[in-house]
Amino acid sequence: MSPSWPCDDGASWRGPSARARKRARQARWSAGPAVAVQSCKAMALAHGYGDEQKADVILTLKPLEGPPLPPLLLHSYALRQSEFFEARLSERWASEGGAKPLEITLDKCGDANTYVRCIQLLYVPDRVKHNSFANVQDALGILEVAAELLFHNCVSACMRYLEAVPWTAENEAAVKACVSNLHLQASPDLAARMRIFDSYSISRPVDVMKDVLGELLSLVTNGAPSKARDITERVLLANVQPCSSSAFAAVNEVSLFNVLHGNLEQLKIQLRKFVNFFSWNAHQVTIACSALRWLFDELFALQIADVAVRMLSEEQELAQLMVSRIYQNPFTETLFHILVSILQALQRGEVLSPRPVRLALITTWLPVVAKLGNDGGLDNFGKDTVTAQLHTSLEDALGAVVETLPMADQEMIFKIWIAVCLKCRKAWPDLSEAFDSWCSKLRLAQRESEVHMIQEASAKSSEANCASVVRRDHETNNNVDLHDGGDL
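What counts as what
Residues numbered from 1 in each chain as written. Predicted model: local features only at pLDDT ≥ 70, side-chain atom pairs only at ≥ 80, totals over all residues. Heavy atoms only, no water. Helix = DSSP H or I, 4+ residues; strand = E, 2+ residues; numbered from the N terminus. Buried < 20%, exposed > 50% of the residue type's maximum accessible area, 1.4 Å probe, protein only. Contact = heavy atoms within 4.5 Å. Areas by Shrake-Rupley, 256 points an atom, 1.4 Å probe, with all protein chains shown as cover. pLDDT = per-residue confidence, 0-100. Core = buried A, V, L, I, M, F, W, Y, C linked by side-chain atoms within 4.5 Å. Patch = residues over 30% accessible without salt bridge, like charges linked within 9 Å, V, L, I, M, F, W, Y side chains within 5 Å. Salt bridge = Lys/Arg side-chain N within 4 Å of Asp/Glu carboxyl O. Lys, Arg positive; Asp, Glu negative; His and termini not counted. Charge placed at Lys NZ, Arg CZ, Asp CG, Glu CD. Phe/Tyr/Trp six-rings, centres within 6.5 Å; stacked < 30°, edge-to-face > 60°. Pairing = 2+ DSSP bridges. Axes fitted to C-alpha atoms, helices over the stretch in contact; angles between N-to-C directions. Parallel < 35°, antiparallel > 145°, perpendicular 65-115°, else oblique. Nonpolar A, V, L, I, M, F, W, Y, C, P; charged D, E, K, R; others polar. Polar contact = N/O pair within 3.5 Å; in protein donor to acceptor, adjacent residues only side chain to side chain. 1 Å grid on protein atoms, 1.4 Å probe; cavity = no way out; pocket = protein on both sides within 12 Å on 5 of 7 lines; lining within 4 Å. Points joined across faces, edges and corners; volume = space filled by probe spheres on them. Expected span 1.5 Å × (residues − 1). Arc of directions from axis to C-beta. Disulfide = S-S within 2.5 Å.

## Some words on the overall build of the protein chain
Tallying secondary structure elements over the protein chain gives 20 helices and five strands in all. Buried residues in the protein chain amount to 38% of all 488 residues. Contacts spanning at least 24 positions in sequence make up 68% of the contacts within the protein chain whose residues lie at least 6 apart. Surface accessibility of the protein chain: about 28,000 Å² in total, with carbon and sulfur atoms responsible for 54%.

## Some remarks on the confidence of the model for the protein chain
The share of residues in the protein chain with pLDDT of 70 or more is 79%, and the mean pLDDT across the chain is 80. Scored below 50 in pLDDT, residues 1-13 shows 23 contacts in the model against residues more than four places distant or in partner chains. Confidence drops under pLDDT 50 across residues 28-36; counting only partners more than four residues distant or on other chains, this segment forms six contacts.

## A few points about the nonpolar core
Leu260, Phe296, Phe331, Ile342 and Trp365 are the most contacted members of the largest nonpolar core, which totals 74 residues. In contact with phenylalanine 296, not counting residues within four places along its chain, are Leu260, Ala308, Leu312, Ile338 and Ile342.

## Points about a negative patch on the surface
There is a patch of like negative charges on the surface, built from Asp396, Glu403, Asp430, Glu433 and Asp436. Structurally, glutamate 403 can be placed in the loop between α18 (385-402) and α19 (407-420). Its relative accessible area of 34% is what places glutamate 403 among the partly exposed residues.

## Concerning the packing of aromatic side chains
Scanning the model with the defined rule gives 11 aromatic pairs in all. The interplanar angle of 45 degrees and the centroid separation of 5.5 Å between the aromatic rings of phenylalanine 414 and tryptophan 438 together place this pair among those described as tilted. Pair noted here: phenylalanine 414 is in helix α19 and tryptophan 438 is in helix α20 (residues 432-487), with a separation of 24 residues, a long-range link. Tryptophan 438 gets classed as buried once you look at its relative accessible area, which sits at 11%. Considering the side-chain rings of tryptophan 417 and phenylalanine 435, the 5.5 Å spacing of their centres and the 45 degrees angle between planes classify their relative orientation as tilted. Note that tryptophan 417 is positioned in helix α19 and phenylalanine 435 in helix α20, a separation of 18 residues in sequence. Residue class for phenylalanine 435 comes out partly exposed when judged on its relative accessible area of 21%. Taken together through their ring pairs, the aromatic side chains of Phe414, Trp417, Phe435 and Trp438 make up a single cluster.

## Points about the pairing of strand β3 (residues 57-63)
Along β3, five of the seven residues are buried, which leaves the element largely enclosed by surrounding structure. By the bridge criterion, three bridges tie β3 to strand β4 (residues 72-74) in an arrangement that is antiparallel. Looking at β4, one finds that isoleucine 58 is bridged to leucine 73.

## Observations concerning the packing of helix α5 (residues 112-120) against helix α6 (residues 136-148)
At a minimum axis separation of 9 Å, α5 and α6 run at an interaxial angle of 75 degrees. As the angle between them shows, α5 and α6 are arranged roughly perpendicular. Contacts from Thr114, Tyr115, Arg117 and Cys118 in α5 reach Asp138, Gly141, Ile142, Val145, Ala146 and Glu148 in α6. Here the residues of the contact of α5 with α6 sort into five nonpolar, two polar and three charged.

## With respect to the pattern of salt bridges
A full pass over the atoms with the stated rule returns 12 salt bridges. The closest approach of N and O atoms between aspartate 126 and lysine 129, which form a salt bridge, is 2.6 Å. Residue classification places aspartate 126 among the partly exposed positions, given a relative accessible area of 44%. Between arginine 348 and glutamate 350 there is a salt bridge, with its nearest N and O atoms 2.9 Å apart. We classify arginine 348 as exposed; its relative accessible area is 51%.

## Here's the deal with the side chain of threonine 114
Looking at where threonine 114 falls in the secondary structure, it is placed in helix α5. Here aspartate 111 takes part through its side chain, which lies 3.0 Å from a polar atom of the side chain of threonine 114. Ignoring sequence-local partners within four residues, the contact set of threonine 114 consists of Gly141, Ile142 and Val145.

## Some details on empty space enclosed by the protein
Taken as a whole and assessed by the stated rule, the structure comprises one cavity of 30 Å³ or more. Size it by volume and the largest cavity reaches roughly 60 Å³. What lines the largest cavity is Leu339, Leu343, Leu361, Ile362, Trp365, Leu366, Val369, Leu394 and Leu398. Those elements giving two or more residues to the lining of the largest cavity turn out to be α16 (332-348), α17 (355-375) and α18. Class assignment for the residues of the lining of the largest cavity results in nine nonpolar, no polar and no charged.

## Points about helix α10 (residues 204-220)
Between its first and last C-alpha atoms α10 spans 24 Å; for 17 residues at 1.5 Å apiece the expected length is 24 Å, and the two agree. Looking at α10, one finds that the buried residues are Met209, Leu213, Leu216, Leu217 and Val220. Each buried residue of α10 lies within a common arc of 95 degrees when the element is viewed along its axis, so the set occupies one face. Set apart from the buried face of α10 by more than 90 degrees, the exposed residues are Asp211 and Glu215. Those residues of α10 hidden inside the fold are in contact with α11 (226-239), α12 (246-275) and α13 (282-301).

## Some details on the side chain of serine 313
Position of serine 313 among the secondary structure elements: in helix α14 (residues 306-313). On the basis of relative accessibility, which here comes to 4%, the residue serine 313 falls in the buried class.

## Observations regarding the state of the cysteines
One pass over the structure, following the stated rule, counts zero disulfides. Summary of cysteine pairing: cysteine 154 is not part of a disulfide, and the nearest cysteine sulfur, belonging to cysteine 158, is at 4.2 Å.

In structure tokens, the structure reads:
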């Protein structure tokens, strides 16, 4: 509600609405440049600029194109703040014997009006010079003239203004180009904002990103609002863009895996308390589970989840904790969601884990999944729409990944499945399709082996027959030779 003030007639006036006040602010902001330009001239006039009676220098500005501007009647005491004018004044007065007024001409002025603005600033006190600029582009134009005229106080005022005001991407590029082209020594604050680092601190941007990303990830994994997650996701994604340095992509991996390791350790601490019936923090477990699911989602999105899959395949302690006390285990749902994500990524080829990792992942977590699904008190598991989809997805992806392994590895897995799953009433997860395929391959392998054995036996028999025929022929030939020899 708008504030109200009493009026003379006893009524009250509530003042402008919020929308009207916003329009007024926008009008003031849009009128800012014109006000700044006018204030610069007004301040210069207040300090002697334009006083023709006391003027002792006549300055003529000749632009690159067009006629010269009307001569400016100026004062030597103001012009001497510029080393350029100080040298010209000393030289002219020495050669002309102190005759007044002196006439000075500046040729090839790029923008004559900018030169006029810069000369007006010679009359403005140093403490308010920085208030005389309209915008970043205006300050850069004056900076170029001030640098040419060696007007150091104005150069400092320009840098002070540029360092303090907001920039667009175009403004930032223009500021860097201007400072570089003019070979100026930027002020420390302006240099810091332009990210100008010394040679010994060339790796500092990566270190800064590592610290900032670590703080963001710490916030997210400790239950920060969704806004923090959105910002962190944008930073992670920007770090792996083609235009970004490969070092920033490495920062993503190091930071995410450090946080993932810490999150798993925190989760195991709470599960140990849960298993041993100690006082455990249910809220902290909820936060850790939510953070773990988010971390895996980000690792998949950034296509660097292979290390996380290996880490989970080696979590023997976490697997043991999961089955030590299964009733109302707070981590069950999160575990199922993460395993579905991993197995589906392996199924689609989005994550290419080596054979030992795939085998370890399934042999470690298949007994856990079966125990939780069959004996974990999840009577409604698989009955509502959401859990039914999770139920089906886990079975399908698990069977598909099992079939990527060699026959000997599948034998190991199916022995676990038969011992742990099929003896339960629910017989979940159902890997019967993968098992049937494996059995078919066994039968096919046996048939191929038998055919191969028959072929080998046939080949050996043929070889033996051939050898017998050859031997008989040889004996027949010998007998014929002996008979012929006896006749002779």
